[in-house]
Amino acid sequence: MAKYADIIKIDAPSSAIVGATVIVDVSVKNIGTSDQNLAVTAVFDSTSFPFQFDYLLVSPGQTVIFRGWFTMPSKNVTITVWSWYWDGSEWVQDDRYEKQISLSQATSEFGSIEIIRYERR
Amino acid sequence: MGAVFIPSEFGIIFLPLANVQVKAGDKLRITCRYTHRGKAESQPLYAAIGNTGWTGFDEILNASKTLSVPEDASWQSREDYVDIAITSSLSAGVYDLYAKIGGTIPKVISPTLQDVVEVLAAIPNSEFGEISITNYAKV
């Protein structure tokens, strides 16, 4: 249970083709009773990826969206997102969320065809 | 008797194929095995009966149906069939078969199976030619 930076949802595609830019929108709500500096970090598998804002000052009850992105590798990935709040002296990790993104094929192709039976009906 | 030549590590194998006898009014079911990978899509599965010549395949009868393949992350082998209605367009004789996937520009074409369909001559209408008394006896 988050103390301040509650991850409400993650908007990201469930699949992407290799080389595609995957957009990850993380909705974070300040569930505290005072203004808080909130931040988000994330990785796909073990590789970190950037977000549009390093941190945002968020009013109590307000939800903000942190947009991140990465290039889809040639395999399925799991993205892990963490939210953080500033306690006045350091960043404190608060909430955590995971989502699977599977690799989809860019094109469809048929490799071969052969007639294996022919029969009178 | 049709045949197909298959390359192998021992050279070319001559594989004889049985032919199937059909007549007008029958259906010929042609079952194909194909491989697919990638996105899901729908394409026509098409098969034809005709004759292979120096200009290509001269189709006489054909049929098609829509194949719907799911998304395949790697090569997957599948089977499906198409039925060709045999009509009087085919005169008595032996014919070849081939199948393909795709429309005007095929995505993949099968090897042609030669002389595998034998169309039987149409059975003529019923008629009586003559009658004669062959016996007469008290019963």
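Residues numbered from 1 in each chain as written. Chains lettered and ligands numbered in written order. Predicted model: local features only at pLDDT ≥ 70, side-chain atom pairs only at ≥ 80, totals over all residues.

Scanning chain A from N- to C-terminus turns up 0 helices and 10 strands. Walking chain A from its N terminus toward its C terminus, one meets helices and strands in the order β-β-β-β-β-β-β-β-β-β. Among the 121 residues that make up chain A, the fraction classed as buried is 28%. Excluding contacts between residues fewer than 6 apart, the proportion of contacts in chain A whose partners are at least 24 apart in sequence is 64%. (Helix = DSSP H or I, 4+ residues; strand = E, 2+ residues; numbered from the N terminus. Buried ≥ 20, exposed ≤ 12 C-beta atoms within 10 Å, placed from the backbone. Contact = placed C-beta atoms within 7 Å.)

Counting secondary structure elements, chain B contains 0 helices and 10 strands. Going from N to C terminus, chain B has its helices and strands arranged as β-β-β-β-β-β-β-β-β-β. Residue burial in chain B is summarised as follows: out of 139 residues, 22% are buried. Sequence-distant contacts, at least 24 apart, represent 64% of the contacts inside chain B between residues at least 6 apart.

Here chain A averages 93 in pLDDT, while 100% of its residues score no lower than 70. Mean pLDDT in chain A bottoms out at strand β2 (residues 15-17) of chain A, which sits at 86, and peaks at strand β8 (residues 77-86) of chain A, which reaches 96. (pLDDT = per-residue confidence, 0-100.)

Residues and elements named next belong to chain A. Taken in spatial order, the 3 strands line up as β1-β3-β7 in an open sheet, and their pairing is antiparallel. Every interior strand has two partners, whereas the edge strands, β1 (5-11) and β7 (63-71), have only one. Across the sheet, the mean angle from the axis of one strand to that of its neighbour is 25°, orientation sign disregarded. Relative to strand β3 (residues 21-30), β1 runs antiparallel, the two sharing 6 bridges. Across the sheet, residue aspartate 6 finds its bridge partner in β3, namely lysine 29. (Pairing = 2+ DSSP bridges. Axes fitted to C-alpha atoms, helices over the stretch in contact; angles between N-to-C directions.)

To continue, consider the sheet that holds strand β4 (residues 27-38) of chain B. In spatial order, the strands read β10(A)-β4(B)-β7(B); together these 3 strands make up an open sheet with antiparallel pairing. Edge strands, defined here as strands with exactly one partner in the open sheet, are β10 (108-120) of chain A together with β7 (72-85) of chain B. The average angle at which neighbouring strand axes cross in this sheet is 20°, direction not considered. Note that β10 of chain A and β4 of chain B share 10 bridges and pair antiparallel. Directly across from glutamate 109 of chain A, in β4 of chain B, lies its bridge partner arginine 37 of chain B.

Glancing now at the confidence of the model for chain B. Considering every residue of chain B, the mean pLDDT works out to 87; 88% of them sit at 70 or more. As a predicted assembly, this complex carries a pTM of 0.58 together with an ipTM value of 0.78.

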